[in-house]
Amino acid sequence: MSNRKPALATRLAQALRYLDADTGAVIPPIQPVATYARDEAYQPRKPYWYRRDGNETTAHAEAIIAQLEDAAEALLFSSGMSAASAVIDAMAAGAHVVVPEVMYHGVLDRFQNAAAKKRLEVTYYPAGDLAAMAGAMRPGQTRLVWAETPNNPYWEVTDIAAAAAIAHGAGALLLTDCTGTAPCATRALEFGADISFHSATKYLNGHSDITAGVLSMRETGDFWDDLILTRKLQGTVLQSFDAWLLIRGMRTLFLRYERATENALTFARHFEGHQALEAVLYPGLPSHPGHEIAMRQTRGGFGGMLSVITTGTERTAIDVVRACEVFYPATSLGGVESLVEHRKTVSGEGFPVHPRLLRLSIGIEDVADLIADFEQALERALAP
Ligand code: PLP
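On a predicted model such as this, the values are computed, not experimentally measured, just so you know.

Reading the values: rules and limits
- Residues numbered from 1 in each chain as written.
- Predicted model: local features only at pLDDT ≥ 70, side-chain atom pairs only at ≥ 80, totals over all residues.
- Heavy atoms only, no water.
- Near = heavy atom within 4 Å.
- Polar contact = N/O pair within 3.5 Å; in protein donor to acceptor, adjacent residues only side chain to side chain.
- Helix = DSSP H or I, 4+ residues; strand = E, 2+ residues; numbered from the N terminus.
- Nonpolar A, V, L, I, M, F, W, Y, C, P; charged D, E, K, R; others polar.
- Buried < 20%, exposed > 50% of the residue type's maximum accessible area, 1.4 Å probe, protein only.
- Pairing = 2+ DSSP bridges.
- Salt bridge = Lys/Arg side-chain N within 4 Å of Asp/Glu carboxyl O.
- Axes fitted to C-alpha atoms, helices over the stretch in contact; angles between N-to-C directions.
- Expected span 1.5 Å × (residues − 1).
- Contact = heavy atoms within 4.5 Å.
- Domains from an automatic or database assignment.
- Buried area = accessible area lost by both parts, 1.4 Å probe.

**Quick notes on the site of the ligand**
The environment of the ligand is formed by 14 residues, the closest being Gly 80, Met 81, Asp 177, Ser 199 and Thr 201. The separation between an oxygen atom of the ligand and a polar main-chain atom of Met 81 is 2.8 Å. Contributing elements (two or more residues each) for the shell around the ligand: helix 3 (80-90) and strand 6 (195-199). Here the shell around the ligand is built from residues that sort into five nonpolar, six polar and three charged.

**Thoughts on the pairing of strand 2 (residues 96-100)**
Of all five residues that make up strand 2, five are buried, and the element is covered over most of its length. Side chains His 96, Val 98 and Pro 100 project from strand 2 onto one buried face, and the interleaved Val 97 and Val 99 project onto a second face that is buried too. Bridging between strand 2 and strand 3 (residues 121-125) involves five bridges; their strand directions are parallel. Note that in strand 3 the partner of Val 97 across the bridge is Val 122.

**Side note on the pattern of salt bridges**
Throughout the structure, instances matching the rule amount to 17 salt bridges. Asp 53 serves as the salt-bridge partner of Lys 232, at 2.9 Å between the closest nitrogen and oxygen. You can see Lys 232 sitting in helix 7 (residues 222-234) and its partner Asp 53 sitting in the loop between helix 1 (8-13) and helix 2 (56-69), a full 179 residues away along the chain. Of the charged contacts in the structure, one is a salt bridge between Asp 194 and Arg 218, with a shortest N-O distance of 3.2 Å. Of this pair, Asp 194 sits in the loop between strand 5 (173-177) and strand 6 while Arg 218 sits in the loop between strand 7 (213-217) and helix 7, placing them 24 residues apart in sequence. A residue is classified by how much of its surface remains accessible, and Asp 194, at 12% relative accessible area, is buried. Residue classification places Arg 218 among the partly exposed positions, given a relative accessible area of 32%. Ionic contacts of the salt-bridge type, sharing partners, join the residues Asp 70, Arg 187, Glu 190 and Arg 299 into one network.

**Things to note about the sheet that holds strand 8 (residues 277-281)**
Across the sheet, which stays open at both edges, the four strands sit in the order 8-9-11-10 with antiparallel pairing between neighbours. Two strands close off the open sheet at either side, each with one partner strand: strand 8 and strand 10 (339-342). Neighbour to neighbour, the strand axes of the sheet diverge by 20 degrees on average, direction disregarded. Looking at chain direction, strand 8 and strand 9 (residues 305-310) are connected through four bridges and run antiparallel.

**Overview of helix 4 (residues 105-116)**
Given a rise of 1.5 Å per residue, 12 residues ought to cover 16 Å, and the 16 Å separating the end C-alpha atoms of helix 4 matches this to within 8%. In this structure, the buried side of helix 4 is in contact with helix 3, strand 2, strand 3 and strand 4 (142-148). Directly beyond the C-terminal end of helix 4, a positive phi value near 60 degrees is found at Lys 118.

**Overview of the domain arrangement of the protein chain**
Annotation of the protein chain at the domain level lists domain 1 (8-250) and domain 2 (254-382). A C-alpha centroid distance of 26 Å is found between domain 1 and domain 2. The contact between domain 1 and domain 2 buries some 3000 Å² in all, and 61% of this surface belongs to carbon and sulfur atoms. Of all residues in domain 1, Tyr 154, Trp 155 and Tyr 203 give up the largest surface area on contact with domain 2, accounting jointly for 25% of the area buried on that side. Between the two partners, domain 1 and domain 2, sit two salt bridges. As a salt-bridge pair, Arg 296 and Asp 159 come within 3.5 Å of each other at their nearest N and O atoms. Where domain 1 packs against domain 2, one counts 18 residue pairs in polar contact (both at pLDDT 80 or more). Of all elements in the fold, only helix 1, helix 4, helix 6 (160-169) and helix 8 (240-250) reach the threshold of two or more residues within the side of domain 1 that touches domain 2. Looking at side-chain class alone, the side of domain 1 that touches domain 2 contains 22 nonpolar, 13 polar and four charged residues.

Here it is in structure tokens:
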């Protein structure tokens, strides 16, 4: 028997070499169940005895992600937001945390809410700015540093290893949200993050048919146990059918991500310097301020997320979205289909985002169709 360890892409394609011992089926079953009978000694047979603990299907998806992240454990939630909220809830009352001043608006809202209710003390830093992050730290008091990289919607890149050194130097944990570059591209724990968070709704699932969130941790311990308990008592564990769809989606993660990266690079290069655009923001372009770090850190490719700032007015930007015929005018990212959104409309009036910024999630379609579609949309929106 060969002692060669299969590559991650192989392990994912085979859902960790799943094989049903009874039937030989190569696809895992779905286990929809709310309760479990105990054994003869009246003990639970597995680490779950009720639906809110999880089940075999969810545990299988977690095992796959733990391998992908090289994590001790992974925990799946019913959405990215419920996973992020569990971390916020698990913070001790009055804890000091350091978070980006602009990032995914839902997570930012939860931190702002916790600060307004005096549950947490929050200091904000400009995304990607390590000097500001270091300046925000209170050694011995700061419990968590949150870094979204690349960061919505300008895609600032944070050097994870440097951020980990800053966080650890003050006795804090570093949590990274690398949703924009799936774990097949950014292995955050390897660079020193303590917790890797992903909205698994995005690249991990890849088909825009579930919401899911995952926390993967380098080392387990009290904080981890608290997260498990929070998930159990809030009932936010990922449901069986969704876990099954996630397992199916992850089989093609490497393939989808590679194609999305290839398409996004071609798309970004085509539109950089376009007369109808003021800027193309994509870490894969050498003109992006985070390009050098992204080259080191996102080894599996820059992914499919980019933003553009149109010329004209806010109305022009919205009209570009309305004129697209191949891109869907929808929110989200990381699916096989390409999406475009006017970020200010989606984030809400008070959110600090450029009024002419469009966020694009480049999918796996023929890139010539995507380029032609965006060209015609720009032309129509800017027509006098
Ligand atoms: N973090 C980032 C970077 C996101 O883009 C999103 C969703 O768009 C989330 C977190 C929240 O995840 P979910 O929509 O799965 O709740």
